[in-house]
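Spelled out from the first residue to the last, the chains are:
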Amino acid sequence: MRSFNFSAGPATLPSEVIYQVQQELPDWRGTGMSVMELSHRSPEFGGILSQAEVDLRELLSIPDHYRIVFCQEGASAHWDMVPLNLLQGNTRADYIETGYWSYRAIEEGRRYCNVNIAASNRIDRYCAIPEQSEWRLDPKAAYVHYCSNETIDGLEFFWIPDTGSVPLVVDMSSHFLSRPVDVSRFGLIYAGAQKNIGPAGLSIAIIRDDLLKQSAPGTPFLMDYHSQAHAHSMLNTPPTFTIWVAGLVFQWIKRQGGLAVMEQRNVDKAALLYDFLDHSGFYRSQVKREDRSRMNVPFHLREPALDEVFLKEADQHGLHQLRGHRVVGGMRASIYNAMPVEGVKALVTFMADFERRYG
Ligand SMILES: *Cc1c(COP(=O)(O)O)cnc(C)c1O
C-alpha cells in the first residue's frame, strides 16, 4: 500500500528528491563529503547556492531589480523583519486580516507601528476574502501586508491587490511556487520553506532593490534585509543542507515543466477533492468557492464524534496527518506540489467509502 502525507508543514517532498538526497548524501559529487559537511565558504557550496538562486529566478521570472535572500529564520521572523526594514521612520502600516497567519503578522507588527487593519473577514469567521473595494487603505502607509494563502483557514487569493505606490508585502509561505506569479507587482515576497519548498530551517525573501535601505536602529544584524542581500545570504552560516534540498526541489519543478505545469496539476488535484466535498452531505467545507485554497483544504465531518474514527481509519489506509489545525479543528488535507494526484484520489476513495459505512 502506498502512503501519503497530508501534513501542512513540514510537508511531503517529491519522492524523486528524497531518493536523490539519499544517493548523494554520503559523497557529494566526488568531494568525499556530504553537503552537510561542506564549508559554506567553499566553492562547492557557493555553486549550490548560486544555482538555487538562478533556478528560482528562472522559475518565477524574477526581474533583475529584485534580490533573493535566503534566511535561516522561519516565515514568522519576517513579521518583525518587514516593519524593522520597511517602516523607514514611518509609523503607519496597513495589514489585511484574512485568517490565522495574517493575524499573527498583525499582532507582531503592532510592536513596531500603528497597524491599520484595512480589511478583515474575522466576523465572517475567516470564510471569504474581503473584496478590494471594501479595503480602507491608508495612502501614507509604509507598506500593505497580507497573506496570499491562509494555510489553516484554507483561503487563497487568486488576484493581486492594487496598492498604488505603497509597497505590497506578502506572506506566500504555503503556496509559493504552486503557480506563476507576477513578481513585479510586489515590494517584498517571503515564504517559509517547509510547506512547498523543502525541509524546515529556511525562508526566502524576494525584495525589490529600492526597498533595501538601512533598517531601524536596534535591528539585529541578521534581520537586516539590506545586509543579507549585500552578503549574498552569507552574513553567517546559512542552513546549507536545507538550501541544497530546496535547490533540488527547484530543479525537480523545472523538470516537471515549470510553474504553469505545477499550476495545472494543482488545479486538477484541488478540483477532485472540492467536487467530492460539494457532492457530499457527510462532509462540509466552509470556505467561499472563489477563495478556496488549492493547497490546504480544511473540511469537517458533519458528525464530529466520528473525527477520531476517521483519522484512525485514514491512517490504516496510508493517509496520514489529516488532523485539522487545533484552532479550527476538523480535518485538513494539504496537497502541495509534491502530493501526487494518486494521493488525492486515494483520499477521495477512502472518504467516499467512509461516508457509505458511517453516513
Ligand atoms: C507555516 C506558516 C508560517 C509560519 O512559519 P514558520 O516557518 O513556522 O515561522 C507563516 N505564515 C504562513 C502562511 C504559514 O503557512
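Every chain is numbered independently, its residues counted from 1 as its sequence is written. Local features in a predicted model are, by the rule used here, given only for residues with pLDDT of at least 70; side-chain atom pairs are given and counted only at 80 or more, and totals for whole chains, interfaces and linings are based on all residues. Each side-chain value is derived from all of the structure's non-hydrogen atoms; neither hydrogens nor water enter the calculation.

*Asks:* Sorry, what's going on with the state of the cysteines here?
*Replies:* By definition, a disulfide links two cysteine residues through a covalent bond between their sulfur atoms. Cysteine sulfur atoms that pair up within 2.5 Å are treated as a disulfide. Taken as a whole and assessed by the stated rule, the structure comprises zero disulfides. The thiol of Cys 113 is unpaired, and the distance to the nearest cysteine sulfur, on Cys 147, comes to 17 Å. Burial classes follow relative accessibility: with a 1.4 Å probe on protein chains only, a residue under 20% of its type's maximum area counts as buried, one over 50% as exposed, and anything between as partly exposed. On the basis of relative accessible area, Cys 113 is assigned to the buried category, the value being 10%. Free cysteine Cys 147: the closest other cysteine sulfur is in Cys 127, separated by 16 Å.

*Asks:* Could you clarify how one ought to interpret the domain arrangement of the chain in this entry?
*Replies:* Accessible area lost during the coming together of the parts is what is often quoted as the interface size. Domain assignment breaks the chain into domain 1 (16-256) and domain 2 (257-358). Contacts are assigned to residue pairs that have any heavy atoms within 4.5 Å of one another. In this complex, domain 1 contributes 28 residues to the contact, which on the side of domain 2 involves 28 residues. The quantity reported as buried area is the accessible area (1.4 Å probe) lost by two parts once they are put together, taken as the sum for both. Summing the contributions of domain 1 and of domain 2, the shared interface buries around 2,400 Å²; its carbon and sulfur component is 55%. Only one rule defines a salt bridge in this text: a Lys or Arg side-chain nitrogen within 4 Å of an Asp or Glu carboxyl oxygen. Across the domain 1-domain 2 interface, the total number found is zero salt bridges. Where each domain begins and ends is defined by an automated method or by a domain database.

*Asks:* It is not clear to me how the site of the ligand should be interpreted in this structure. Could you clarify?
*Replies:* What surrounds the ligand is a group of 13 residues, the closest being Ser 76, Thr 151, Asp 171, Gln 194 and Lys 195. Each polar contact in these results corresponds to two N or O atoms within 3.5 Å; when the atoms are within protein, one needs to be able to donate a hydrogen and the other to accept it, and residues that are neighboring in sequence are counted only if both atoms are side-chain atoms. Thr 151 has a polar side-chain atom sitting 2.4 Å from an oxygen atom of the ligand. Note that an oxygen atom of the ligand is positioned 2.6 Å from one of the side-chain N or O atoms of Lys 195. The residue classification treats Ala, Val, Leu, Ile, Met, Phe, Trp, Tyr, Cys and Pro as nonpolar and Asp, Glu, Lys and Arg as charged. All others, Gly included, are polar. Here the residues of the shell around the ligand are counted per class, giving four nonpolar, seven polar and two charged. One heavy atom suffices: a residue is near a molecule or strand as soon as one of its heavy atoms comes within 4 Å of it.

*Asks:* Sorry if this is basic, but what is going on with the sheet that holds strand S2 (residues 66-71) here?
*Replies:* The strands making up a sheet associate through backbone hydrogen bonding, with each pair oriented either parallel or antiparallel. Pairing in this open sheet of seven strands is mixed, and the strands run S2-S10-S9-S8-S5-S3-S4 from one edge to the other. Two strands close off the open sheet at either side, each with one partner strand: S2 and strand S4 (114-120). Sheet twist, expressed as the mean angle between neighbouring strand axes with direction ignored, is 20°. Whether two strands pair depends on DSSP finding at least two bridges between them. Runs of H or I in DSSP of at least four residues are treated as helices and runs of E of at least two as strands, each being numbered from the N terminus. Pairing geometry for strand S3 (residues 92-97) and S4, over six bridges, is parallel. Only the contacting stretch of a helix is used when fitting its axis, a line to C-alpha atoms as for every element, and angles between N-to-C directions run 0 to 180 degrees.

*Asks:* Could you clarify how one ought to interpret the pairing of strand S9 (residues 188-192) in this entry?
*Replies:* Walk down a regular strand and you will see the side chains alternate between the two sheet faces. The element S9 is largely enclosed, with a buried count of five among its five residues. Residues Leu 188, Tyr 190 and Gly 192 line one face of S9 and the alternating positions Ile 189 and Ala 191 line the opposite face, and both faces are buried. Note that strand S8 (residues 168-171) and S9 share three bridges and pair parallel. For Val 169, the partnering residue across the bridge sits in S9 and is Leu 188. Taken together, the five bridges between S9 and strand S10 (residues 203-208) define a ladder with antiparallel strand orientation. Opposite Tyr 190, over in S10, you have Ala 205 as the bridge partner.

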